[in-house]
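Each chain is listed here by its residues.
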Amino acid sequence: MSKNNILQNIPKHNHIEPAVDIDRDEFIKLIKSRRSVRVFTDEAVKHSDLKECIELALLAPTSSNLQCWEFYWAKSKENKEKLKSYCLSQSAATTSQELIVCVARIDTWKKNKNNIINYLKKNDSTPRSAIKYYEKIVPFVYSQGPFGIFGFLKKILISVFGVFKVLPREPHSISDMRVWAHKTTALACQNLMLALRAYGYDSCPMEGMDSSRIKKMLKLPKKAEICMVISVGKRAKNGVYGERFRLKSDEFIKVI
Ligand SMILES: Cc1cc2nc3c(=O)[nH]c(=O)nc-3n(C[C@H](O)[C@H](O)[C@H](O)COP(=O)(O)O)c2cc1C
């Protein structure tokens, strides 16, 4: 095993974080009680609650901890109304009290990487390998170069060396980067929806929306993408349209 392999070597560190006990039944209740709610009541959402739920969303796992997400909380009446119409005036949007636009960013990793490096360097006990990971490996892995040329070269190199060696394959194109950013952002979206349920609220994730108008409204650059819009409120009596339905789990759970 290589002495410098950050993934394989276990670094010396003093951090001890025991796994806390979780009430399993409460967790199952939380998961099962999250439904996509399409009708909300007129009851307002406490802003401090929503702020805490969005903070909890940011605790989702994030690829290389590069936090390639953004959450836009529409607070003004004007922005809320605009967003409701951009969400195709779906009842899940029009009856909601709050709307959060969840954005996947393929273009913020360099800035975030630099901030992470600055943070790591302030701590004397940071393993050298961690700094090296962000200084050397991250730029190599996530840079795709102008018109994706660097990514294309990486793809060729990886395909050749990958014949002989186990290697990480993606991301080596702009579309890989989009998948990368949406994966991480979607995990945070799920955190947000579960946190809302735990705080007594409900939500509906929506991809039925005019992403181009929303991007324009938020003055987002071309490379930013709307992952989903999440509407928030208190569940109305008629808010859930039917029993939860899933296809048989053995269609999806494969033991290998
Ligand atoms: C990415 C994504 C986009 C969705 N978009 C919409 C939407 O635009 N409108 C809507 O009413 N529901 C939307 N849903 C909700 C799904 O229809 C819902 O999750 C599914 O029917 C299962 O129901 P459940 O969430 O209550 O378990 C979306 C869900 C996901 C994950």
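In what follows, the structure referred to is the one given above.
Residues numbered from 1 in each chain as written. Predicted model: local features only at pLDDT ≥ 70, side-chain atom pairs only at ≥ 80, totals over all residues. Heavy atoms only, no water.

Focus: the overall build of the protein
If you tally the helices and strands in the protein, you get nine helices and four strands. Listed by position from the N terminus, the elements making up the protein come as α-α-β-α-α-β-α-α-α-α-β-α-β. When its C-alpha atoms are laid out on the principal axes, the protein stretches across 60 × 45 × 45 Å. Scored against the burial criterion, the 256 residues of the protein give a buried share of 39%. Taking as baseline every contact in the protein between residues at least 6 positions apart, the subset at least 24 positions apart corresponds to 79%. Split by element, the accessible area of the protein, about 16900 Å² in all, is 57% carbon and sulfur. Put simply, the protein has 44 plus and 26 minus side-chain charges, and the middle of one group is 7 Å from the middle of the other. (Helix = DSSP H or I, 4+ residues; strand = E, 2+ residues; numbered from the N terminus. Buried < 20%, exposed > 50% of the residue type's maximum accessible area, 1.4 Å probe, protein only. Contact = heavy atoms within 4.5 Å. Areas by Shrake-Rupley, 256 points an atom, 1.4 Å probe, with all protein chains shown as cover. Lys, Arg positive; Asp, Glu negative; His and termini not counted. Charge placed at Lys NZ, Arg CZ, Asp CG, Glu CD.)

Some words on the environment of Leu 187
Within the secondary structure layout, Leu 187 lies in helix α8 (residues 174–198). Sequence separation between Leu 187 and Thr 62 is 125 residues; the distance between their C-alpha atoms is 8.1 Å. Aside from chain neighbours lying at most four places away, what touches Leu 187 is Ala 60 and Pro 61.

Observations regarding the packing of helix α1 (residues 24–33) against α8
At a closest axis distance of 9 Å, the pairing of α1 and α8 adopts a crossing angle of 110°. Judged by the angle between their axes, α1 and α8 are roughly perpendicular. For the pair α1 and α8, the crossing hand works out as right-handed. Touching Leu 30, Ile 31 and Ser 33 of α1 are Leu 194, Arg 197 and Ala 198, all from α8. Its residues placed into classes, the contact of α1 with α8 shows four nonpolar, one polar and one charged. (Axes fitted to C-alpha atoms, helices over the stretch in contact; angles between N-to-C directions. Parallel < 35°, antiparallel > 145°, perpendicular 65-115°, else oblique. Left-handed = near helix turned anticlockwise from the far one by under 90°. Nonpolar A, V, L, I, M, F, W, Y, C, P; charged D, E, K, R; others polar.)

Focus on the environment of Tyr 72
With respect to the element layout, Tyr 72 can be found in strand β1 (residues 69–74). Once the C-alpha coordinates of Tyr 72 and Ile 54 are considered, the two residues, 18 residues apart in sequence, prove to be 10.0 Å apart. In contact with Tyr 72, not counting residues within four places along its chain, are Leu 99, Ile 100, Val 101, Val 103, Arg 105, Leu 218 and Leu 220. Separated by 2.7 Å, the side chains of Tyr 72 and Glu 70 make a polar contact. (Polar contact = N/O pair within 3.5 Å; in protein donor to acceptor, adjacent residues only side chain to side chain.)

A look at helix α5 (residues 109–122)
For α5, spanning 14 residues, the distance from its first C-alpha to its last is 20 Å, which sits close to the expected 20 Å at 1.5 Å a residue. Looking at the buried positions of α5, the neighbouring elements they touch are α6 (128–142) and α8. (Expected span 1.5 Å × (residues − 1).)

Thoughts on the pairing of strand β3 (residues 202–206)
Most of β3 is tucked away: four of the five residues are buried. By the bridge criterion, five bridges tie β3 to strand β4 (residues 225–233) in an arrangement that is antiparallel. Along β4, the bridge assignment pairs Asp 202 with Gly 233. (Pairing = 2+ DSSP bridges.)

A short note on the site of the ligand
The immediate surroundings of the ligand are formed by Arg 34, Arg 35, Ser 36, Arg 38, Gln 90, Cys 204, Pro 205, Met 206, Glu 207, Gly 208, Arg 244 and Arg 246. Take Arg 35: an N or O atom from its side chain is 2.8 Å from an oxygen atom of the ligand. Here Arg 38 contributes a side-chain N or O atom positioned 2.8 Å from an oxygen atom of the ligand. Compared with its free state, where it exposes 620 Å², the ligand has 66% of that area covered by protein. Looking at the shell around the ligand, its residues break down into three nonpolar, three polar and six charged. (Near = heavy atom within 4 Å.)

Focus on the environment of Glu 98
Tracing the chain through its elements places Glu 98 in strand β2 (residues 98–104). In the structure, Glu 98 is positioned 47 residues away from Gly 145 in sequence and 38 Å away in space, judged by C-alpha atoms. Leaving out residues up to four positions away in the same chain, Glu 98 has contacts with Val 45, His 47, Leu 50, Trp 73, Ala 74, Lys 80, Ile 230, Ser 231 and Val 232. Polar side-chain contacts of Glu 98 include one of 3.0 Å to the side chain of His 47. A polar contact is formed between the side chain of Glu 98 and the side chain of Trp 73, at a distance of 2.9 Å.

Regarding the packing of aromatic side chains
Following the criterion strictly, the structure yields five aromatic pairs and no others. Ring centres 6.3 Å apart and planes at 55° place the aromatic pair Trp 69 and Phe 71 in the tilted group. Each member of the pair, Trp 69 together with Phe 71, is buried. Between the aromatic rings of Phe 140 and Phe 150, the centroid separation amounts to 5.6 Å while the plane-to-plane angle is 85°, which identifies the pairing as edge-to-face. Of the two residues, Phe 140 is situated in helix α6 and Phe 150 in helix α7 (residues 149–161); the sequence distance between them amounts to ten residues. (Phe/Tyr/Trp six-rings, centres within 6.5 Å; stacked < 30°, edge-to-face > 60°.)

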